[in-house]
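Listed below, chain by chain, are the residues.
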Amino acid sequence: MIIRKSTYEIDLMRIAGRIVAQTHQLLSSYIRPGITTKELDKIAENFIRSQGATPSFLGYGGFPASICTSVNDELVHGIPSDRVLKEGDIISIDIGAEYKGYHGDSAWTYPVGVISDEAAKLLQVTEESLYKGLEKATPEYRLSDISHAIQNYVEAHGFSIVREYVGHGIGANLHEDPQIPNYGPPNRGPRLKPGMTLAIEPMVNAGERFVKTLSDRWTVVTQDHSLCAHFEHTIVITETGHEILTKL
């Protein structure tokens, strides 16, 4: 069941989303060669709590940290550790914050110092695909129109869409109906309606689309060890389009 949110609920999600966006802004100033992913996690947790919110991911399904930090061939759910970031790495940081019972969720992939042309293109295309999907996030379209737009854009640039992980509804629960694949035919699924709150999140591989989960039971990596990227915004469908809740 897709839960359409009231004005009051959207207001709380707007605050949660702003805290997520501010956390991304803060972390972006720390991402550089020599910092560990555990240090980034602690900075994020301290800031989220300072804003009267709690990290959505900490303890969620047993996840042991406040943010996900996925480096190079790690797609999602990377666990912060003593790993030191190096020049030329890319890091996907997924952040969730809960404010008065409602969640915001956003992921971004960042360069660490100077990165390769291939990595830069991957980041550019994945970010652009998110906004291609959001162009269809209006009441005149159906859910799969978002999915189709993302897939078309990514594959036209020679990259691969991951099938096993998808976007989702969000609100009082971090994950709600509906699931939102980043692939598929257009004009399928429910029509988009005002008050729907959705996390749109293309996950893109530079090589083949296939992924696997490591022995830590969390970290998802590309099977061919190619680079991958992840960009995500939480949005609300409005009468005339959508509003991004996780941007400043």
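Scroll up for the structure.
Reading the values: the criteria
Residues numbered from 1 in each chain as written. Predicted model: local features only at pLDDT ≥ 70, side-chain atom pairs only at ≥ 80, totals over all residues. Heavy atoms only, no water. Axes fitted to C-alpha atoms, helices over the stretch in contact; angles between N-to-C directions. Helix = DSSP H or I, 4+ residues; strand = E, 2+ residues; numbered from the N terminus. Left-handed = near helix turned anticlockwise from the far one by under 90°. Contact = heavy atoms within 4.5 Å. Nonpolar A, V, L, I, M, F, W, Y, C, P; charged D, E, K, R; others polar. Pairing = 2+ DSSP bridges. Buried < 20%, exposed > 50% of the residue type's maximum accessible area, 1.4 Å probe, protein only.

K.L.:
Got a minute to help me understand the packing of helix H1 (residues 7–28) against helix H2 (residues 37–50) in this structure?
P.N.:
Each pair of packed helices gets described by two things: the angle between the helix axes and the distance between those axes. At a minimum axis distance of 10 Å, the contact between H1 and H2 shows a crossing angle of 140°. The interaxial crossing formed by H1 with H2 has right-handed handedness. Judged by residue contacts, Ile19, Gln22, Thr23, Leu26 and Leu27 of H1 engage Leu40, Ile43, Ala44, Phe47 and Ile48 from H2. Partitioned by chemical class, the residues of the contact of H1 with H2 number eight nonpolar, two polar and no charged.

K.L.:
Can you help me understand the sheet that holds strand S11 (residues 211–213) in this one?
P.N.:
Neighbouring strands of a sheet are bound in pairs by backbone hydrogen bonds; such pairs are parallel or else antiparallel. Pairing within the open sheet is antiparallel, and its three strands lie in the order S3-S12-S11. Strand pairing shows two members of the sheet lacking a second neighbour, strand S3 (74–76) and S11, which therefore form its edges. In this sheet, neighbouring strand axes are inclined to one another by 40° on average, regardless of whether the strands run parallel or antiparallel.

K.L.:
Honestly, the pairing of strand S9 (residues 197–200) in this entry has me stumped. Any pointers?
P.N.:
A regular strand places its side chains on the two faces of the sheet in alternate fashion. Where burial is concerned, the two faces of S9 agree: the one with Thr197 and Ala199 and the one with Leu198 and Ile200 are both buried. In this structure, S9 lies alongside strand S14 (residues 233–237), joined through four bridges in antiparallel fashion. Bridge pairing links Leu198 to Ile235 in S14.

K.L.:
Help me out: how do you make sense of the side chain of Thr36 in this one?
P.N.:
Locating Thr36 in the fold gives a position in the loop between H1 and H2. In this structure Thr36 comes out as buried when scored by relative accessible area, which is 13%. Beyond its immediate stretch of four places on either side in the chain, Thr36 contacts Ser81, Asp82, Arg83 and Val84.

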